[in-house]
Amino acid sequence: MLAADMLQWDPSLRHLTLTLHPNQQPHPSSADIERVFQHSRFNVLQPQPREWQAGLDRLNQSTSAVTIEIAKAVDGYWQLELSPDYMELTASLTLPCGGQAASINDLLLLLKQKKIERGLSRSAIIGLFERHKQGNPGSTYQQVIASGKPPQHGQDGYLEKLVTLASERHLTPQARDVNRVDMRDLGSNYGIERGQPLMRRHPPTTGADGYDLLGRPLAAHVGHPVPLVAGSGTIISDQDPDLLLATCAGMPIAVANGMAVEEQLQLAQVDIRSGHINFNGSVEITGNVDEGMKVIASGNIVVRGIVEGASLQAGGNIEVHQGVIGRQRDDGSLNCQLAAGGDIKVKRAQFCQLQCFGNIEVQLQCSHSQLRSDGTVHVGEPGRMQGGLYGGVVEARLGCTCVELGTKAGAETTVKVGTDYSKVKSKLDQLLQQRTEFSKQIIATQAQQKQKLREGAEQAEIERLKTLVEEYKQQFSDNSHAIDEQQQKLDEFYNQIDIKVLKQLFPRVLLVVGQERQLTEKEHGPSQAFVDHSGFNLDAYIPAPRRRK
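S.K.: Tell me what's going on with the overall build of the protein chain, and back it up with residues and numbers.
M.R.: A count of helical and extended segments in the protein chain gives six helices and 42 strands. A compact globule built from 549 residues should have a C-alpha radius of gyration of about 24 Å, whereas the protein chain, at 43 Å, is more than 25% larger. Expressed as lengths along the three principal axes of its C-alpha atoms, the size of the protein chain is roughly 125 × 105 × 65 Å. In the protein chain, which comprises 549 residues, the share counted as buried stands at 40%. As presented, the protein chain carries roughly 30,600 Å² of accessible surface, and 48% of it is formed by carbon and sulfur atoms. With 57 positive and 63 negative side-chain charges, the protein chain shows a spacing of 2 Å between the two charge centroids.

What follows is the structure, given as structure tokens:
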């Protein structure tokens, strides 16, 4: 039977031992040793359970007494871990097991060895000491005790708009009285006055330098200034070089690193009382444009009401907040026509012609109309899956997206995209033909050069033919590069140009992509029409990146 008084403490070796005799029956187990140790006054020491079992194994094979190391005194100690960027130092404090506790002087010595000069947190070190007071012998506590100061890089200068652009307006019906709103009055004009501040330039900041734990400075990057550009109708204030002012009344528009002002004509209505409008600038109409009227503007045209059977021509964008409604004349033409040098955006379109060099967006539905765009065409409201293209013709250079396309009754509907495909393909064919001609010229000139050599012609003639061959070779090389560029354009056409139908594609819709076409014969769900090197494809549309064949 083991007893605590059998344990022997050696202060010089700082370990606790137990001597057992082989004639002691029964032989104790590791559990017996642990029980005696834990109930002794030495239980703060670090136990050595491996030594227990090894000693008991020796006891079973020995005829003499065996001394077993039961535990030993272990001092507390510090460990420091410095992050690779020298910006954070983590301290680990391990409590003693019957030995001496780690001291603050031990920590200071390690900090000196690590060359830590800045960023120490007195409160973190004190907090680590406070935590370890309640800890068990041998337990370890960690704490970040030092942190470097990252540099605060300077911010680039920036431009602040001081006015609201037309595209940023939040149009809402205005109150007529307490109980009613006017659905045709969607807010006041946002034009600006002469001398009004348009934009302010804010300078860059220098930032603040930082440092790492070794005391090395970390320089902050100084922000970059931004230029302030005075577009047409604006001027930089002579009293404040960071302030842009309007030199005329009109509509503010954004330009690169600045603003411009387009002189704007604002009208309540365009009808027989106002006559046709031809204005060098932008036009904003708060009401409607009546049948038979014309509005021509070198800038943008904004109509907050309805355009009915009228003609709008803009050098910039056209935006109609309500419907564009026309009718078909006896000769088949449409009496409502919109043409823009930029984008066209309308709420709905019926029996009208829309043509622009930018993009066309019909927010709800488009029926029996002709749409021609040098960019993309979007019809319908994808968020609510409402609206679509019902009858008519669409021609878009870059692509077309509709919520619905066609009708159940089979109204004649045509969508053509990639309208410049023929130009790209024709140019490629022309370059390939030129390469063949250059190749023939090289072969013929080289043959002529050899013939002259055999005839003993003058050296000047030989050199002339040699130079001519080199010129043809250079032309052949330039032609090859042009072929590669044109082929890349054709590949981009295959990868980017398509027709997307987000909800439903109906029968008797003619889909044309480049020179490939297909007439739908049945209803489809969400669909995507495109071409690749194998020809025309009509696949189910999944709104995720699709890998072309």
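S.K.: I'd like a description of unusual backbone geometry, backed by residues and values.
M.R.: What you tend to see is this: most non-glycine residues have negative phi, and most peptide bonds are trans. We note that F351 has phi near 50°; this positive angle belongs to a residue other than glycine. Here F351 lies in the loop between β30 (344-350) and β31 (353-356). In this model, R508 sits at a positive phi of 60°, which is unusual for a non-glycine residue. R508 gets classed as exposed once you look at its relative accessible area, which sits at 52%.

S.K.: Go over the side chain of E404 with me, naming the residues and quoting the values.
M.R.: Assignment of secondary structure puts E404 in strand β36 (residues 399-405). A distance of 2.8 Å separates a polar atom in the side chain of E404 from a polar atom in the side chain of Y390. Beyond its immediate stretch of four places on either side in the chain, E404 contacts G387, G388, L389, Y390, V501, K503, Q504 and F506.

S.K.: If you had to explain the pairing of strand β33 (residues 365-373) to someone new, which residues and values would you point to?
M.R.: Sheet topology places β30 next to β33; two bridges connect them, and they run parallel. Looking across to β33, one finds that A349 is bridged to C366. With four bridges connecting them, β31 and β33 associate as parallel partners. Bridged to C356 within β33 is S373. Relative to strand β35 (residues 388-396), β33 runs parallel, the two sharing eight bridges. Bridging from a neighbouring strand, S369 pairs with G392 of β35.

S.K.: Break down the sheet that holds strand β4 (residues 66-72) for me, citing the residues and quoting the values.
M.R.: Judged by pairing direction, the sheet is antiparallel, and its four strands sit side by side in the order β1-β2-β4-β3 without closing on themselves. The open sheet terminates on both sides in strands that have one partner only, identified here as β1 (7-10) and β3 (46-47). Across the face of the sheet, helix α2 (residues 49-61) comes into contact with β2 (15-20), β3 and β4 while running at roughly 175° to β4.

S.K.: I'd like to hear about the packing of helix α1 (residues 30-38) against α2, residue by residue, with values.
M.R.: The N-to-C vectors of α1 and α2 enclose an angle of 130°; their axes lie 10 Å apart at closest approach. As far as their axial angle goes, α2 and α1 are oblique. α1 and α2 meet at a crossing whose hand is right-handed. Of the residues in α2, those in contact with S30, I33 and E34 of α1 are W52, Q53 and L56. Here the residues of the contact of α1 with α2 sort into three nonpolar, two polar and one charged.

S.K.: Can you break down the packing of aromatic side chains residue by residue, with the values?
M.R.: Enumeration according to the criterion identifies three aromatic pairs in this entry. Aromatic pair W9 and F42: ring centres 6.3 Å apart, planes at 25°, arrangement stacked. With W9 in strand β1 and F42 in the loop between α1 and β3, this pair connects stretches of sequence that are 33 residues apart. With relative accessibility at 10%, the residue F42 sits in the buried group. Between W78 and F129 the ring centres are 5.5 Å apart and the planes differ by 70°, which places this aromatic pair in the edge-to-face class. Here the residue W78 occupies a position in strand β5 (residues 77-82), and F129 occupies one in helix α4 (residues 122-133), the gap between them amounting to 51 residues.

How each quantity is defined
- Residues numbered from 1 in each chain as written.
- Predicted model: local features only at pLDDT ≥ 70, side-chain atom pairs only at ≥ 80, totals over all residues.
- Heavy atoms only, no water.
- Helix = DSSP H or I, 4+ residues; strand = E, 2+ residues; numbered from the N terminus.
- Rg over C-alpha atoms; globule rule 2.2 N^0.38 Å.
- Buried < 20%, exposed > 50% of the residue type's maximum accessible area, 1.4 Å probe, protein only.
- Areas by Shrake-Rupley, 256 points an atom, 1.4 Å probe, with all protein chains shown as cover.
- Lys, Arg positive; Asp, Glu negative; His and termini not counted.
- Charge placed at Lys NZ, Arg CZ, Asp CG, Glu CD.
- Polar contact = N/O pair within 3.5 Å; in protein donor to acceptor, adjacent residues only side chain to side chain.
- Contact = heavy atoms within 4.5 Å.
- Pairing = 2+ DSSP bridges.
- Axes fitted to C-alpha atoms, helices over the stretch in contact; angles between N-to-C directions.
- Parallel < 35°, antiparallel > 145°, perpendicular 65-115°, else oblique.
- Left-handed = near helix turned anticlockwise from the far one by under 90°.
- Nonpolar A, V, L, I, M, F, W, Y, C, P; charged D, E, K, R; others polar.
- Phe/Tyr/Trp six-rings, centres within 6.5 Å; stacked < 30°, edge-to-face > 60°.

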